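Breakdown of the fold
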Amino acid sequence: MSEQNRNNMQSQNVSHVGAYSSLYTISQIVGLLLIFSVFYWIINFRGGFGFTEAKIIFNWHPLLMTIGFIYLFANSILHYRTFRTLKKRDLKNHHAIIHGCVIVLVLLAGWASFASHIYSNPPIPNFYSLHSWMGIVTISMFLSQFVSGFVSFLFPGIAVQYKEAIMPYHIFFGVFNFILAIATSVLGFGEKLIFVLEQEYKNYPKEGMFVNFLGLLFIFYGGLVVFMVTKPEFKREPKPEDGVLLTGALE
């Protein structure tokens with residue numbers, strides 16, 4: 001490769017890293033805006049947070065799910081491209097730790113939903129809506145991804161050939177899982193509006209319009225994250241120590 005071609009490639013890489021950094025900054029702003037907006041909605045329209053009433057207990061559900069299954073999940077799948085200068089082993093550990101935090105928040109959010117249904121008067125049945133079905137699928141897929149990823153990429157002694165074979169599927173189902181989380185969240189917000197506003201929903205109330213726009217923001221955030229994680233030019237460049245890891249010498 002000529003010196004000129006090498007310089008052109010380096011210039012393109014710098015340009016791609018700069019473009020990614022700009023989009024990453026936007027994604028962080030939008031992600032934090034999502035969390036704040038859900039918090040604002042609950043405080044101003046749904047009565048706030050607490051543990052004394054069923055409907056107040058439920059309010060933890062959308063907030064914790066937004067923090068865990070949307071914001072942290074997004075940052076987890078972007079982690080390799082965001083901190084591209086770190087060692088591969090460190091990135092894998094960080095990826096697993098963030099996923100572990102997501103699991104904790106999702107379990108707490110699930111408890112909030114169950115508790116609110118049980119303590120309602122009369123009690124509300126569980127798992128009858130499309131939102132709840134999609135939630136089960138999304139959580140089950142996330143847990144299976146976590147277990148398979150831990151065994152495949154962090155457990156010592158796994159053959160390199162197996163890691164290489166499983167990686168494309170791990171990436172695909174991870175991105176697909178995130179898309180499901182976005183879709184399930186948007187569906188859940190719509191379902192909640194129909195339940196609490198009933199006939200008033202069709203009269204364009206402030207809460208209805210606010211949550212509708214919030215749903216669009218969720219979709220925009222999801223599309224932005226998927227674009228960033230699937231664009232080949234944003235991919236982290238392999239490093240010499242990565243090859244050592246793949247041989248299992250440092251596992």
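Residues numbered from 1 in each chain as written. Predicted model: local features only at pLDDT ≥ 70, side-chain atom pairs only at ≥ 80, totals over all residues. Heavy atoms only, no water.

All right, on to the packing of aromatic side chains then. All chains considered together, the criterion is met by 19 aromatic pairs. Taking 5.5 Å as the distance between ring centres and 70° as the angle between the ring planes, the aromatic pair formed by Trp41 and Phe189 counts as edge-to-face. Of the two residues, Trp41 is situated in helix α1 (residues 3-45) and Phe189 in helix α6 (residues 160-197); the sequence distance between them amounts to 148 residues. When sorted by exposure, Trp41 lands in the same class as Phe189, which is buried. Relative to Phe173, the ring of Phe172 lies with its centre 5.1 Å away and its plane at 75°, an arrangement referred to as edge-to-face. Through successive ring pairs, a cluster of aromatic residues spans Phe39, Phe49, Phe51, Trp60 and Trp111. A cation over an aromatic ring shows up here: Arg84 above the ring of Tyr20, its NZ or CZ 5.5 Å from the ring centre. (Phe/Tyr/Trp six-rings, centres within 6.5 Å; stacked < 30°, edge-to-face > 60°. Helix = DSSP H or I, 4+ residues; strand = E, 2+ residues; numbered from the N terminus. Buried < 20%, exposed > 50% of the residue type's maximum accessible area, 1.4 Å probe, protein only. Lys NZ or Arg CZ within 6 Å of the ring centre and 35° of its normal.)

Looking now at helix α3 (residues 60-82). Since the α-helix turns once every 3.6 residues, residues separated by three or four places project in the same direction. Along α3, the sharpest kink reaches roughly 35°, centred on Ser76. Of all 23 residues making up α3, 19 are buried, and the element is well covered by its neighbours. (Bend = angle between axes of the 7 residues up to and from the residue.)

Moving on, we come to the pattern of salt bridges. Under the criterion given, the structure shown has two salt bridges. In this structure, Glu207 engages Arg46 in a salt bridge whose closest nitrogen and oxygen atoms are separated by 2.8 Å. Residue Glu207 is located in helix α7 (residues 206-230), and its partner Arg46 is located in the loop between α1 and α2 (54-58); the two are separated by 161 residues in the primary sequence. Taking the relative accessible area as the measure of exposure, Glu207 reaches 6% and is therefore buried. Between Glu233 and Lys231 there is a salt bridge whose closest N-O contact spans 3.4 Å. (Salt bridge = Lys/Arg side-chain N within 4 Å of Asp/Glu carboxyl O.)

Time to look at the side chain of Asn59. Considering the arrangement of structural elements, one finds Asn59 in the loop between α2 and α3. Owing to a relative accessible area of 2%, Asn59 belongs among the buried residues under this scheme. When near neighbours in sequence (up to four residues on either side) are disregarded, Asn59 contacts Ile42, Arg46, Gly47, Gly48 and Phe49. (Contact = heavy atoms within 4.5 Å.)

Interaxial distance between helix α5 (residues 130-154) and α6 falls to 9 Å at its minimum, and their mutual angle equals 155°. One way to sum up the angle between α5 and α6 is to call them roughly antiparallel. For α5 against α6, the interelement crossing comes out left-handed. Split into classes, the residues belonging to the contact of α5 with α6 amount to 16 nonpolar, 12 polar and two charged. (Axes fitted to C-alpha atoms, helices over the stretch in contact; angles between N-to-C directions. Parallel < 35°, antiparallel > 145°, perpendicular 65-115°, else oblique. Left-handed = near helix turned anticlockwise from the far one by under 90°. Nonpolar A, V, L, I, M, F, W, Y, C, P; charged D, E, K, R; others polar.)

The nonpolar side chains of soluble globular proteins are, as a tendency, buried together. Core analysis: the biggest nonpolar cluster contains 42 residues, and Val38, Phe69, Phe178, Phe218 and Tyr221 have the highest contact counts within it. Elements represented by at least two residues in this core include exactly α1, α3, α4 (88-118), α6 and α7. In terms of residue count, α3 provides more of this core than any other element does, 10 residues in total. Excluding its chain neighbours within four sequence positions, the residues that come into contact with Phe218 are Leu34, Val38, Thr66, Ile70, Ile182, Ser185, Val186 and Phe189. (Core = buried A, V, L, I, M, F, W, Y, C linked by side-chain atoms within 4.5 Å.)

Our focus in this paragraph is unusual backbone geometry. The amide bond that connects Asn121 to the next residue, Pro122, takes the cis arrangement and shows omega of 0°. In this fold, Pro122 is placed in the loop between α4 and α5. Phi at Phe127 takes a positive value of approximately 60°, unusual for a residue other than glycine. Within the fold, Phe127 resides in the loop between α4 and α5.

A few words now on a nonpolar patch on the surface. A cluster of nonpolar side chains, Phe114, Ile118, Tyr119, Phe127, Leu130, Trp133, Ile136 and Leu187, forms an exposed patch at the surface whose accessible area comes to about 830 Å². Listing elements by their share of the nonpolar patch, those giving two or more residues are α4 and α5. Among the elements that take part in the nonpolar patch, α5 stands out by supplying three residues, more than any other. Judged by relative accessible area, Ile136 falls into the partly exposed class, the value being 37%. (Patch = residues over 30% accessible without salt bridge, like charges linked within 9 Å, V, L, I, M, F, W, Y side chains within 5 Å. Areas by Shrake-Rupley, 256 points an atom, 1.4 Å probe, with all protein chains shown as cover.)

This brings us to the side chain of His131. Mapping His131 onto the fold places it in helix α5. The exposure class of His131 is buried, given its relative accessible area of 18%. One polar contact links the side chain of His131 to the main-chain carbonyl oxygen of Thr184, over a distance of 2.9 Å. Discounting residues that sit within four places of it in the chain, His131 has contacts with His61, Thr184, Leu187, Gly188 and Glu191. (Polar contact = N/O pair within 3.5 Å; in protein donor to acceptor, adjacent residues only side chain to side chain.)

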